[in-house]
Amino acid sequence: MLNSIRIYSYSRCATCRKALAWLQEHQIVHDLFDIVETPPSREMLSGASKQLASRKLLFNTSGVSYRALGADAVKAMSDDEALDALASDGKLIKRPFLITENGSVLVGFKPDVWAEALLP
């Protein structure tokens, strides 16, 4: 369990900027991390992978890093290899990547999903 909401964001990502504006609008206190400079730890990504229906949901499939690897190479990775790749390159991770105070993970920004998870 965490003491605060952690959000991993990329300053040049329009979706991330929308998510941060949404958090500010709803006065939700959070700790902000640059997903490229300080990507989520392998341990955090492992926990997220267990929560999500598919590890594919962790990948930023429209990003340059993902395209450089190739979808087939990513599919061929073991779970450990995928987690290592994600932990070593923040641009591979779908963003924004948010961990709630109770440890739930949200990837991407969908206001209705975020509202359900974060608003009282």
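Here, the structure is the one placed above.
Thresholds, definitions, all that
- Residues numbered from 1 in each chain as written.
- Predicted model: local features only at pLDDT ≥ 70, side-chain atom pairs only at ≥ 80, totals over all residues.
- Heavy atoms only, no water.
- Pairing = 2+ DSSP bridges.
- Helix = DSSP H or I, 4+ residues; strand = E, 2+ residues; numbered from the N terminus.
- Right-handed = clockwise from strand over helix to strand, strands pointing away.
- Salt bridge = Lys/Arg side-chain N within 4 Å of Asp/Glu carboxyl O.
- Buried < 20%, exposed > 50% of the residue type's maximum accessible area, 1.4 Å probe, protein only.

Enquirer: Give me the pairing of strand 2 (residues 30–34): which residues, what numbers.
Expert: Where strand 1 (residues 5–9) and strand 2 come together, 5 bridges link them in parallel fashion. Residue pairing for strand 2: Tyr 8 is matched across the bridge by Phe 33. A crossover links strand 1 with its parallel partner strand 2, the connecting element being helix 1 (residues 14–25), and its sense is right-handed.

Enquirer: Go over the pattern of salt bridges, please, and point to the residues and values.
Expert: If charged atoms from side chains of opposite charge come close, those side chains can pair. Applying the stated criterion across every chain, the model contains 3 salt bridges. Among the ionic pairs, Asp 80 bridges to Arg 42, the shortest N-O distance being 3.0 Å. Of the two residues, Asp 80 sits in helix 5 (residues 79–88) while Arg 42 sits in helix 2 (residues 42–51), which places them 38 residues apart along the sequence. On the accessibility criterion, Arg 42 (31% relative accessible area) is partly exposed. Put simply, Arg 42 and Asp 84 hold a salt bridge, and the shortest N to O gap is 2.6 Å.

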